[in-house]
Each structure stands twice: as C-alpha cells, then as structure tokens.
Amino acid sequence: MNAATPGGTSPEPDLLDAGQLSGDPELAAGFAVAAHRILAELVRGGAPLGWTDPPPADEVAELVERVLRAARAGDGALRAAYAGRRLVGLGYWLRYARPTNRQHADLEKLAVAHGAHGRGVGRSLTAALVGDAREAGIEVLTLDARADNTRALALYRSLGFREYGRLPGFVAMGGRRYDKVFYMLDFRGSGQPGRPEQPEQPERA
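Here is a short report on the structure shown in this document. (Residues numbered from 1 in each chain as written. Predicted model: local features only at pLDDT ≥ 70, side-chain atom pairs only at ≥ 80, totals over all residues. Heavy atoms only, no water.)

Focus on the overall build of the chain
Consideration 1: Assigned secondary structure in the chain consists of five helices and eight strands.
Consideration 2: Put simply, the chain runs from its N terminus to its C terminus through helices and strands in the order β-β-α-α-α-β-β-β-α-β-α-β-β.
Consideration 3: Evaluated residue by residue, the chain yields a buried proportion of 44% over its 205 residues.
Consideration 4: For the chain, the proportion of contacts with a sequence separation of at least 24, taken over those separated by at least 6, is 63%.
Consideration 5: Accessible surface for the chain amounts to roughly 10,500 Å². Of this, 49% is attributable to carbon and sulfur atoms. (Helix = DSSP H or I, 4+ residues; strand = E, 2+ residues; numbered from the N terminus. Buried < 20%, exposed > 50% of the residue type's maximum accessible area, 1.4 Å probe, protein only. Contact = heavy atoms within 4.5 Å. Areas by Shrake-Rupley, 256 points an atom, 1.4 Å probe, with all protein chains shown as cover.)

Section: the packing of helix α4 (residues 121–135) against helix α5 (residues 150–158)
Packed helix pairs are specified by the crossing angle of their axes together with the interaxial distance, meaning the distance between the axes.
Consideration 1: Two elements in contact, α4 and α5, have axes whose closest approach is 11 Å; the angle formed by their N-to-C orientations is 45 degrees. The angle between α4 and α5 places the two elements in the oblique class. The hand of the α4/α5 crossing is right-handed. Contact residues: Gly-122, Arg-123 and Thr-126 in α4; Leu-155, Tyr-156 and Ser-158 in α5.
Consideration 2: Of the residues that constitute the contact of α4 with α5, the class distribution is two nonpolar, three polar and one charged. (Axes fitted to C-alpha atoms, helices over the stretch in contact; angles between N-to-C directions. Parallel < 35°, antiparallel > 145°, perpendicular 65-115°, else oblique. Left-handed = near helix turned anticlockwise from the far one by under 90°. Nonpolar A, V, L, I, M, F, W, Y, C, P; charged D, E, K, R; others polar.)

What about the pattern of salt bridges?
Consideration 1: Following the criterion strictly, the structure yields eleven salt bridges and no others.
Consideration 2: A salt bridge links Arg-85 to Glu-26, with the shortest nitrogen-to-oxygen separation between them at 3.1 Å. With a gap of 59 residues between them, Arg-85 in the loop between β3 (76–83) and β4 (86–95) and Glu-26 in helix α2 (residues 25–44) connect regions that are remote in the sequence. (Salt bridge = Lys/Arg side-chain N within 4 Å of Asp/Glu carboxyl O.)

Right, dumping it as structure tokens:
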C-alpha cells in the first residue's frame, strides 16, 4: 500500500462505504474528480502514494471505477471520508488476484487531504477498512509503506498491524532511496488482529 501521512484525533468525519457513496448520485458523480484533487495535491507535496508526478484525472477515474467494481463484487472495500459534502480522505483494499491468495487482501491506498490532517481522518479510514476486511472474512490484511512515513507506520502499529519484512533501498524518489516496509494484520484463529491462533499444546499426564 502507498499511504499519505494520516492525521490525529479530532472529531471523526462521515465515512461512506462504496454502497453508500453510489447511493448518493451527487457525491458519486463528483467522487473521481474530488479524489483526483486530493491525490494530485498530495503527490505534488511529496506524499508517498506511488506516483512521482501528480496522476492525470483519467487515471484516477479509472482507478476509482476499478475499486468500485471490486467492492460490488465482494473483492474489495472503499471508504470515503466527508466533512459535510466535501471529500477529505479515501482509502481502499483489494483482494489478491491469485486464486490461492484470494482469502487475503492488500490495503493499497490511504490518502487524507492536506487541510484535514490532524483531525483523525486517517485513523478513522483505516479502522473502518479493517472492520470491512474482518466482516468480509479476510484472513490476512497486508500493506506496504515507505519507511520514512513514520506517522502512518505508527498508526498502523496502534491498530494491530505488525511488520513482517522490508526491502532495503527499494523505493526511488527524488534521487533518494527508501526502505519498503511490509505490515500485516492477521484475523485468523483467535480473531484478534495480529494474533494468529497458537498450536494446541499436548496435555501433560
């Protein structure tokens, strides 16, 4: 996943899922444009969202449509954060495409508008997407992030994600190199995030 730095702990915005968003014709019609505005602004400011330059509007529109299709098919989840009628953040996860891995999903993008940082939008979006994954029966929710995105990584850890690996110097940006960090949230077994079921111990005589 490529994540912009989420914000703090102010009052939460309204969080719409894909169905709620599609059920509001006005918001649905303007969502791709509003999402592009947020993503382009963040990338322009150097946010680690996977683009070196602001993405074109048609690319974001295509991405939005792909995520909405996946959500309708049960293969993904989208959350859109609104302050009133203004989009202030978005995030989504998608199931892995490989048939043997489809019980798992990847939290691919999380982005919060500059003006909404410090209001808890990133935490609210992430928590909602984690809840959606649990409800959908996802076994392991993964993400990846740039190692210098320390605020985002701290947020993920606070929600139960744990690091399971990293690739040193893997990300090239602006002439610099950054580690790519991999996090996971395991819903299996005990049902507790990040705590897979422990093997049963044999009884002692």
